[in-house]
Structures are given as structure tokens and as C-alpha cells.
Amino acid sequence: MDFWKRIVVAVPKEIRAFTFLEEWQESGGGRLSGVGKQFSHSYQDIISPENLLDAWQEFIIGKRRRKDVQEFEQRLMNNMLALHADLREKTYTHSPYEAFNISDPKPRSIHKALVRDRLLHHALYRKLYPYFDARFIADSYSCRFGKGTHKAMDRFRSFAYAASRNHTRTVWVLQCDIRKFFASIDQNILLDILRRSIVDQDILWLVERVISSFSSTRVGVGLPLGNLTSQLLVNIYMNEFDQFMKRQLGVKYYVRYADDFVVLSRDKAWSENLLLKIQNFLRERLHLDLHPQKVHLRTLASGVDFLGWVHFPDHRVLRTATKRRMLRRIDEVGGKQETVQSYLGLITHGNSQMLRHHIGCMQETVDLT
């Protein structure tokens, strides 16, 4: 078969990267074209050997030195054939996860799937993402191509200008965070949302296999931090809330990044009333709760801590804890140029003259020792 020739010839050599991104851009790049249509890919499109190979080529970028990836690649043809056969015969089962903890900076529990399952996640993701991304609102910024934290902060700044009429009015910022976000996703609600768009029962069977492969506090609840599919699935889940905010409530100045979102307004009483509607919708529709210690309503002039930066009307500064962690890391690596340049690039997104000077002094000290 031509496909298996591609494995023998293409994989050991330099692979073609970003095939999924190219495909996504060719399909419209997230524009709202054909929003009312149902998902058009078939089950065979997802499990096809060609899609599995393209998914593999994207998956191994930056991972080729990892032992589990190398072991899978050593018998790539056999592993691909076995996975494809299990998917074709619908005998596929998801393997257990390897759990470990990280600090980034707060402690998080990561669940890592086997290479075989992660390959399937990529194959599924690359077909689902273009369809669902086109249905997300513009001001959802987490785990989306062309978005990210810096775009979210820039949007926050532009909303601040608009809401304050170029800083001539007081602006109130309602900031909320969802408690135990990934661990609280109700899998049945998520599957109901997906059924509204996906009618192919075989695809739903496969998606359900991935979703139900993990449970947090109880069966049927939670998605694993670490799965590529989880990034998309939580956005699909929270799109229900995004649409409620924009379409039903008509909230104009709203920005969401994962489980952290802000609403800007000149009316404090309106913001307080909005908070009650937000709490009720999240609890009743999505079975989610706001973190009681992370709900704030304050003026922009007093400083709003959002996405690692403290935002003011005419500037933003790096969060103190983030700054300390950055300086400690630079000191740990001995002023390594690659690390320093990475941090210098980060702090260009705010007012950081004093911090840049401090980092420069640290480098000079390292050079002299």
C-alpha cells in the first residue's frame, strides 16, 4: 500500500511539520463559515491510515528523543496497523494513564497517556478542531491557533480603552476563576453538547472512549490535564458559557482564557447582578462552581491581576510572584543566554524597564565570575 510506503520512507527522515495547521488554514482558519452545519467528517476519515500518519508526524515534533516514542517508532508499521485494526473493528480501548505532579507554579496533577493513545488523540483532534474552532467566539483565547495569552491581554487593553472612553470614565472589572476546572467537567453534559453537532454514532463511540478513559473525584466527571483532546473538549464545554454571555446576556467586554475570565463595565451594580447570573448558569447548566477566593470586582485603576500581569489604565506590570520566579530561574541556570532571552521576550509585553535592567545586571555579574 502507498500509505505504508510513506511510513518506511518518510518517518526516519525529516518530516513535514504543521500539516494540521495548513489543513486548518485551507479550510477557513477558524472563520465562521457554515456555522449551522453539522460535523461532516466520517469515522473512516478519522481512523484512516493517512490521518493516523499525519497525526504521527505532528505528534513526534520535539519528542523523538523520548524513550516511549522511540520504542513505538521502532515498530511503527506494526503499531499503526494494530491501532487502525482496533479502530476499524471498534475493539479499541484506552489504556490507563501515568499520573505525576508538576508545579507551574501551583501544583497540578498531570495524566500522561501511552503513545498509542496519544496518537489517537492527535488523529481525532486534527479532524474535530477546525469544525469546532469556527463556532467559538472571538474572545476565547486558550489553546487556539492565532490566540494565546498575549492576544488575550491585548484584547483586555483594547476593551479597557473602549469601556473607559479612553480612560475618562471609571471601569469596573469583574474577574472570575472556575474551581477545579478540568476535574469538574461533567462527561455526560459534554457528550450531550457533542451530540448536537456530531451525528455519526461511530465517531461518538470513539469520542466517548477517550472522554470516559479518565475520572477525577467520581466516575463520569473530569478530563485529564495532559491530553491534547482535553484542550479542545474544555473549550467546547465552555463555549456554552461563552455563547450565554455574548448571545443571551449581550455582554460586550468579555475575555476568557481557559477557566479565567473578565468582564469590563462602567456600572458596578450591573456587574454585581451579572455575577449572580454567571454563577447560576455555570452551576445549573455545566455543573461548575466559581472559586470563592478568586472572584473579584474592582476598578481598573486599582490594578487587575489577569494572566500573570497586573493591568492598570495606561500600563501593565508583571505579577510580583511571576517576577520572583523568573529571577530565581535565571539565577538557577547561571544566566543561560537562551533562558534570559526567552524571559526578555516575555516582559516586552508590559512595562518592564526596571526588570530588564535588573536582568542585565544579573548577566553582568555572571560574566564577571
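For the structure itself, look to the data block above.
Residues numbered from 1 in each chain as written. Predicted model: local features only at pLDDT ≥ 70, side-chain atom pairs only at ≥ 80, totals over all residues. Heavy atoms only, no water.

(A) Focus on the pattern of salt bridges. Under the criterion given, the structure shown has 17 salt bridges. Here Asp68 ties to Arg118 by a salt bridge, and the two come within 3.3 Å at their closest N and O atoms. With Asp68 in helix H5 (residues 67–74) and Arg118 in helix H7 (residues 115–133), this residue pair connects regions lying 50 residues apart in the sequence. What makes Asp68 partly exposed here is its relative accessible area of 25%. Classification of Arg118 as buried rests on a relative accessible area of 11%. Of the charged contacts, one joins Glu208 and Arg209 as a salt bridge, the two residues approaching to 3.1 Å between their closest N and O atoms. Arg209 gets classed as partly exposed once you look at its relative accessible area, which sits at 28%. Beyond isolated ion pairs, a larger network of salt bridges with shared partners links Asp68, Lys112 and Arg118. (Salt bridge = Lys/Arg side-chain N within 4 Å of Asp/Glu carboxyl O. Helix = DSSP H or I, 4+ residues; strand = E, 2+ residues; numbered from the N terminus. Buried < 20%, exposed > 50% of the residue type's maximum accessible area, 1.4 Å probe, protein only.)

(B) Looking closely at the packing of H7 against helix H10 (residues 201–211). The N-to-C vectors of H7 and H10 enclose an angle of 125°; their axes lie 12 Å apart at closest approach. Considered as vectors, H7 and H10 are oriented oblique to each other. Regarding H7 and H10, the two cross each other, and that crossing is left-handed. Two secondary-structure elements touch here, H7 through Leu120, His121, Leu124 and Leu128 and H10 through Leu206, Val207 and Val210. When grouped by side-chain class, the residues that make up the contact of H7 with H10 number six nonpolar, one polar and no charged. (Axes fitted to C-alpha atoms, helices over the stretch in contact; angles between N-to-C directions. Parallel < 35°, antiparallel > 145°, perpendicular 65-115°, else oblique. Left-handed = near helix turned anticlockwise from the far one by under 90°. Contact = heavy atoms within 4.5 Å. Nonpolar A, V, L, I, M, F, W, Y, C, P; charged D, E, K, R; others polar.)

(C) Region of interest: the packing of aromatic side chains. Counted under the stated rule, the structure contains 15 aromatic pairs. For the pair Phe156 and Phe306, a centre-to-centre distance of 5.6 Å together with 40° between the ring planes defines the contact as tilted. Here Phe156, found in helix H8 (residues 149–163), pairs with Phe306, found in strand E7 (residues 304–306); they are 150 residues apart in sequence, far enough to count as distant. Taking the relative accessible area as the measure of exposure, Phe156 reaches 1% and is therefore buried. With a centroid separation of 4.1 Å and 10° between ring planes, the pair formed by Phe244 and Phe281 is classed as stacked. In this pair, Phe244 is assigned in helix H11 (residues 228–248) and Phe281 in helix H12 (residues 268–286), connecting sequence segments 37 residues apart. The burial state of Phe244 is the same as that of Phe281; both residues are buried. Across from the ring centre of Tyr131, 3.7 Å away, lies the NZ or CZ of Arg135, which sits over that ring. The ring of Tyr141 has Lys147 lying over it, and the distance from NZ or CZ to the ring centre is 4.9 Å. (Phe/Tyr/Trp six-rings, centres within 6.5 Å; stacked < 30°, edge-to-face > 60°. Lys NZ or Arg CZ within 6 Å of the ring centre and 35° of its normal.)

(D) Just the pairing of strand E3 (residues 172–177), in detail. Within E3, six of the six residues are buried, which leaves the element mostly enclosed by the surrounding structure. Pairing geometry for E3 and strand E5 (residues 260–265), over six bridges, is antiparallel. Bridging across to E5, Gln175 finds its partner in Val262. With four bridges connecting them, E3 and strand E6 (residues 296–299) associate as antiparallel partners. Bridge pairing in E6 links Gln175 to His296. (Pairing = 2+ DSSP bridges.)

(E) A look at the sheet that holds E7. The sheet built from three strands is open, its strands ordered E7-E8-E9 with antiparallel pairing. The open sheet is flanked by E7 and strand E9 (316–318), the only strands paired with a single partner. Strand after strand, the sheet turns through a mean of 30° between neighbouring axes, direction not considered. Sheet topology places strand E8 (residues 309–311) next to E9; three bridges connect them, and they run antiparallel. When the sheet's bridge partners are listed, Val310 is paired in E9 with Val317.

Any functional reading would require information that these geometric values do not contain.
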